[in-house]
Each structure stands twice: as C-alpha cells, then as structure tokens.
There are 2 protein chains.
Amino acid sequence: MRIGMVGCQGHWNYALAEWQRQGEALLASGYEGESMERARLVLEEKGIRCAMAEDWRALAESCGAVIVNTRFDRNADVTAWFLERGVPVYSEKPVATTLEDLDRVRRAAFAGKAPLAAMFGLRFTPWYRTVKAALPGIGGIRMIDAQKSYRLGKRPEYFGRRETFGGIIPWVAIHGLDWIHDAAGVPFRRVAAACDRQYNRGNGDMEMTALCLLEMEDGILASVRADYLRPEAAPSHGDDRLRVAGTEGVIESRDGRVFLTDGKGQRELPLKEEEDHFAAFLRGGQGVTTEESLYMTYVALKAREAADSGAWMDLGEEFFGFA
Amino acid sequence: MRIGMVGCQGHWNYALAEWQRQGEALLASGYEGESMERARLVLEEKGIRCAMAEDWRALAESCGAVIVNTRFDRNADVTAWFLERGVPVYSEKPVATTLEDLDRVRRAAFAGKAPLAAMFGLRFTPWYRTVKAALPGIGGIRMIDAQKSYRLGKRPEYFGRRETFGGIIPWVAIHGLDWIHDAAGVPFRRVAAACDRQYNRGNGDMEMTALCLLEMEDGILASVRADYLRPEAAPSHGDDRLRVAGTEGVIESRDGRVFLTDGKGQRELPLKEEEDHFAAFLRGGQGVTTEESLYMTYVALKAREAADSGAWMDLGEEFFGFA
C-alpha cells in the first residue's frame, strides 16, 4: 500500500515500522513553506520509495491511507477533506484545535466512509500496556492522576500563537486525558482547569503549565498536570506518570516502570511489549478508534475552555451533537 | 511547665519529646464519654506526671500551654476559650470544622493574648525540610503537586458524620495545602475541588477521595489529591508526595526521600533532621504561626465548599474578615 503524508510536524515516526513493510510514500506540504525534506530523507534511509506532490489533495488518488501532521491549526481541514473522500486518516492529536474544526472532522468521520485514528501512541507503550493489563487486579477504579512534563527545548515559531498551536492542554495534557479515559472506561462528566504562560522564554502566548481536574461517571476523580519545566539536563525528554487508585489496590508508573500495591504488598511488574497501533489501524484492527480520536480532542478543547474561562465545563451527552 | 491536654484523638504524639522535658501533664476529656486512659498510660510510661481534671476549663488555671485534640467539631470551641484566657494552644488541624467556628477562633487569636499553632507536624519532617531548603535552587516556583494517600483501617464512628469529622479535605488534604503554601510563600487565589464518598466501607458520609486545584498569586498552579485507598498490605501507612516544579529545576519527594533535577541532572538529596515544632512553639520560636493555623484551615474549608458546591471559590483578601 502507498501511504501518503501531509506535513511532518508531528509523530509520524509512529508509522515508520509499518511504512517500511508497505514500502511506498507520497508526501506533500500542508501549508505554504512547509519543508518535507527532513521526512523524505528519513523515509528513504529506511528504504521507503518517496514521491512528492505539489498539492496535498493529490494524495487521495493513489494512497491507501494518509498521515496528517502539518501545522496544528491545519490538520482538521486536511483530515476532514480525506475522510469525506473515503481515505483513512492517521492524524496528529488533537485532531482539531477549535470546536468548530472538530465538528467538521466529526461530520466527515461519522459519514462512515473511512476510519480516523489520532496519534495516541503513548497508550501503546510497554508501561501503559502493563498498567492497563493490571487494572482488573485493583478493584473498582476511584481516582487517576496523570503527569506530562517535558523539556521546553527550542519550539517552532508557531507554538507561540494560540491560533496555530492550540495550547498545552490539547497538545500535551491530552495524553493524560487519553490514558485516564482508556483506563477508567467511562466518560468524563465535568472539568475545571488552569494554565499559566509566564516565564515561557519567548514563546509568545504558549502556556508553560496546565492543571485539569475531572469528574467522571460513577464518581471517579481524575487530574492531569502538564508542564514544560523539565530541565534540559534531566535524564529523559519526558517525565510521564500515571497513578490509578482502586478499591483493592494502586498501580503506578514512572520512568517507564510499573508498580502495583495490593493485598499482597508492593512490587514491580514485568513490562509488556510495545504495540504497533499504526499497523493495527491500517489492518482495521484495534488501535485508536474514530470515536476516541474525536472524543479526546473534544475533552481537551473543553478543558482548555475551562482554563480560559475560569469556570467548570460540562462534558456530557453534548459531545455527539455539539455543533 | 505543666502542659494540659483536652482530648486525645489527634496528633498529641508530636508534643511527647518536649513534654518529657517539661515533666507534668493535666488531662481532661473534651466531650462526654471521651476516655483519656490511653493517653495517661503513654504519658506515665514516658515518666510524665499526670493529673486528671473533671472539667477541661480547669486546665486554664495551672497550665502554661494546652494541647487541644478532642473530637474535630469540638476543637474550635475549646481552643477559642483558652485563647480568650491567654493560654497558648497547640491544636489539631483543622483548628475548626466550619467557617463560623473558625471565625470564633480567629477573633480569640487576633485578640493577641496567646499564640495558636496547628499540628502541621508534616512540615517538620526530614523530607519536607530537605525540600524546603532546596527550593532556592529551582528558580521561580510555577507548579506544585501534593499527594496524601492513607490506609483506611478502622476509623472511630464519628468519622462517618460530616458534622463530627469535617471531611477528608480539612483532615487529610490540608497537609498538602500547607506544604504548598509554605513552599510557594504566596497566598492562594482560587480553588476548585471534587470529592467522592462511594465505597467507603461503612464509614457513613466520609469521603474516600478528594482533588483540589488551586491558583496562587503570580500564576503558580497547585493540586492536592487525598485518598483512603492505600492497601492495608502497603509498606507504610501513608504515601506522602510532593513535587515542586520551578523555572530552573524540579524537586520531588516520595517514600521520605528527596530528588532534585536541575541544570546538573538528577540526584537524591541527603535528608535534614526532623524539627521539634512543639518545642519551638512553647519557646515562642518559629514552628507554625497563628496566622498559618487559621489561614490553612480557612483554605481547607473553602476547598471543601468548592467540592460540595461544584463551583470555584475565591480565596482572596476575604480571609481576614470572612465573618
């Protein structure tokens, strides 16, 4: 299968292993001036045959699936366009940076011509898969806490504008929201949130910190914190954490390791293997579903609205008809 | 000095070392049927001479300071009564379980006849003192996260009624609020919170989980989670955590250990010694101040109100005149 890609700003590396097996690529910029050169070099180095298209719309003709990860604010339009034409889309998360754009993607996806999967690759890591598999051992889940802490590093210029970036909640905290939703297996009900953009080292209006407090169905409570405060000298780029507390035990992950405390005491769990969710997506298997891709974007955008407005936001039945 | 104690439901063990040095105790029940027997046995075992009073008011005559830790809902009345008579009070936290009761304590304390210190002993532990001492090395504080997780165990019957217990936020989460306030050194501005009381194993209306999201002065964000979900087989009773993220580094504590990540990488810090804050209080030294004792109780009670009402609560200038 020939796989297309629009832009190369995001996590297209998740697709590499399967792409090598498929062997062929067609690439196009997603906005004026976006260079695809770096992507082309990496793909050719992996032995993937690369062609370039002038207009990204050309990819619909010959590609069995399209990877969309151009500038954040452009992804929704491109994704919706392909879905409308029956081309499966593997999109950067969030799949849209505004509720209006998300509605367009939702309509295109719910027309049912092709599936959509967002790049929630962190749900297929060894540590998360280990946490997930151990959940039945901790009874009823009551509270979940997720952390995303990154090095700031050097960010592209468009990270400094809300219109082109989207914000730290849709970009970073969304992974925490996704773990929580996947682990709890029930919908969110309400969210309160707060962000701060001070001391962002010249990155425009980009937030440096975010906190989300969520109420879920059945009284499950959850929190997500995200920040760009991880020191450059830290031993890794990201400091992902997850803690799931249930009626019979607590499971926790940090530094890619997983610890379980239950009626037998505390111990570390052996890790499961990474799962190739892009391959699963191409084969119509599990991976990330269309509904999850849309729903997690919706929750992240409402959490951002909760932070912007300083008010609790309902996350109810509204979702499937928010337009 | 003769030290009095009303009730023995709380953390009077913090006073033991200094009490031994002072050598004398006068004990009284704080509510009908409260037995002081267990406390008397422990004190005598430590070589402290014990006398019993029929009425707790009798302690004002001969005691240089009074420890107040009877049933939660009774502490405020007793504390205010002693403060009004110029007797220094070392009180269980929260110093009151309602804003009305807190106002009575505040008026008595602000009359200035005697100091008040709440039992924020967890601020004088080796790990917290180590975190505090390392704070100047992480630049400007931007985000703080605190965790309190306890074994449920067997709780007294009065934990099962909000009127006599007060709730998990004023009783447990308050320590997280205190660490955060002490570390950040600036006031709180707003709080959102949520609690849940399901699966509480027959403990009436007692909450099992709580989450607080706080905005502080200068855009510092903070969160506190508290739960009674720690398994009985866990290696310790409590799982206290604190993470302080600043512009130049991150300090973290878990399992009583402290880790610093900064421009030089990641490393564990040697622990400072425990501090006897009750001794400091008796000698008019540092320890916990009257204002901190009142303010942290105020913040905890407003956080509880935020959870009960499902709305953000302002925590502003209001404090010094909330009546």
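Residues numbered from 1 in each chain as written. Chains lettered and ligands numbered in written order. Predicted model: local features only at pLDDT ≥ 70, side-chain atom pairs only at ≥ 80, totals over all residues. Heavy atoms only, no water.

K.L.:
Quick question: what am I supposed to make of the nonpolar core here?
P.N.:
One finds Trp 19 and Tyr 228 of chain A together with Trp 19 and Tyr 228 of chain B to be the most contacted residues of the largest nonpolar core, which totals 242 residues. Setting aside chain neighbours within four positions, we find Tyr 228 of chain A in contact with Tyr 150, Arg 151, Leu 152, Arg 155, Phe 159, Phe 165, Ile 168, Trp 171, Val 172, Met 206, Glu 207 and Met 208 of chain A. (Core = buried A, V, L, I, M, F, W, Y, C linked by side-chain atoms within 4.5 Å. Buried < 20%, exposed > 50% of the residue type's maximum accessible area, 1.4 Å probe, protein only. Contact = heavy atoms within 4.5 Å.)

K.L.:
What's the story with unusual backbone geometry in this structure? I'm lost.
P.N.:
Keep in mind that most residues, glycine aside, have a negative phi and that most peptide bonds are trans. Residues and elements named next belong to chain A. Looking along the chain, the bond that leaves Lys 93 and enters Pro 94 is cis, with omega of -10°. The residue Pro 94 is located in the loop between β5 (89-91) and α5 (99-110) in this model. Within the chain, Arg 201 stands out as a residue other than glycine whose phi angle is a positive 50°. Along the polypeptide, Arg 201 turns up in the loop between β8 (188-196) and β9 (209-216). (Helix = DSSP H or I, 4+ residues; strand = E, 2+ residues; numbered from the N terminus.)

K.L.:
Would you mind showing me how to read the environment of Arg 201 of chain A here?
P.N.:
Along the sequence, Arg 201 of chain A and Arg 104 of chain A sit 97 residues apart, while their C-alpha atoms lie 34 Å from each other. A polar contact of 3.1 Å, which involves the side chain of Arg 201 of chain A, links it to the backbone oxygen of Thr 247 of chain B. (Polar contact = N/O pair within 3.5 Å; in protein donor to acceptor, adjacent residues only side chain to side chain.)

K.L.:
What is the right way to read the relation of the copies chain A and chain B from this model?
P.N.:
The operation relating the pair of chain copies consists of a rotation about an axis and a translation along that axis. Turning chain A through 180° and shifting it by 0.0 Å along the axis lays it on chain B, with an RMSD of 0.0 Å. In the structure described here, the two chain copies are related by an operation that fits a two-fold rotation axis. A high fraction, 100%, of the interface residues of chain A reappear at the interface in chain B, so the copies pair face to face through one surface. (Least-squares fit on C-alpha atoms with pLDDT ≥ 70 in both.)

K.L.:
Hey, could you run me through the packing of aromatic side chains in this one?
P.N.:
When we look at a pair of aromatic rings, we describe it by the centre distance and by the angle of the planes. Applying the stated rule across the entire model yields 34 aromatic pairs over all chains. Between Phe 72 of chain B and Phe 165 of chain B, the aromatic rings sit 5.6 Å apart at their centres with planes inclined by 65°, giving edge-to-face as the arrangement. With Phe 72 of chain B in helix α4 (residues 72-84) and Phe 165 of chain B in helix α7 (residues 162-165), the pair connects residues that are 93 residues apart, well separated along the chain. The same class applies to Phe 72 of chain B and to Phe 165 of chain B, which are both buried. Between Phe 72 of chain B and Trp 171 of chain B, the ring centres sit 4.4 Å apart and the planes meet at 55°, which makes this aromatic pair tilted. With Phe 72 of chain B in helix α4 and Trp 171 of chain B in helix α8 (residues 168-184), this residue pair connects regions lying 99 residues apart in the sequence. Each member of the aromatic cluster is reached from another via a ring pair, and the members are Phe 72, Tyr 158, Phe 159, Phe 165 and Trp 171 of chain A. The ring of Trp 171 of chain A has Lys 93 of chain A sitting right over it, with the charged end atom 3.7 Å from the ring centre. (Phe/Tyr/Trp six-rings, centres within 6.5 Å; stacked < 30°, edge-to-face > 60°. Lys NZ or Arg CZ within 6 Å of the ring centre and 35° of its normal.)

K.L.:
What exactly am I supposed to notice about empty space enclosed by the protein here?
P.N.:
The gaps left among the atoms become clear once a water-sized probe is rolled over them. Applying the stated criterion to the full structure yields four cavities of 30 Å³ or more. Residue lining of the largest cavity: 18 residues in total, with Arg 225 and Arg 241 of chain A together with Arg 225, Arg 241 and Glu 252 of chain B positioned closest to the centre. Ser 149, Arg 230, Pro 231, Asp 239 and Arg 241 of chain A together with Arg 243, Val 250, Glu 252, Thr 261 and Gln 266 of chain B together form the lining of the second largest cavity. Class assignment for the residues of the lining of the second largest cavity results in two nonpolar, three polar and five charged. (1 Å grid on protein atoms, 1.4 Å probe; cavity = no way out; pocket = protein on both sides within 12 Å on 5 of 7 lines; lining within 4 Å. Points joined across faces, edges and corners; volume = space filled by probe spheres on them. Nonpolar A, V, L, I, M, F, W, Y, C, P; charged D, E, K, R; others polar.)

K.L.:
Help me understand helix α8 (residues 168-184) of chain A in this model?
P.N.:
Structural remark: α-helix, 3.6 residues per turn; residues separated by three or four positions point the same way. Residue and element names in this part refer to chain A. With 17 residues, α8 should reach 24 Å at 1.5 Å per residue; the first-to-last C-alpha distance of 23 Å fits that figure. Burial analysis of α8 places 17 of its 17 residues in the buried class, the great majority of the element. Downstream of α8 by a residue or two, Gly 185 has a phi angle that is positive, lying close to 70°. (Expected span 1.5 Å × (residues − 1).)

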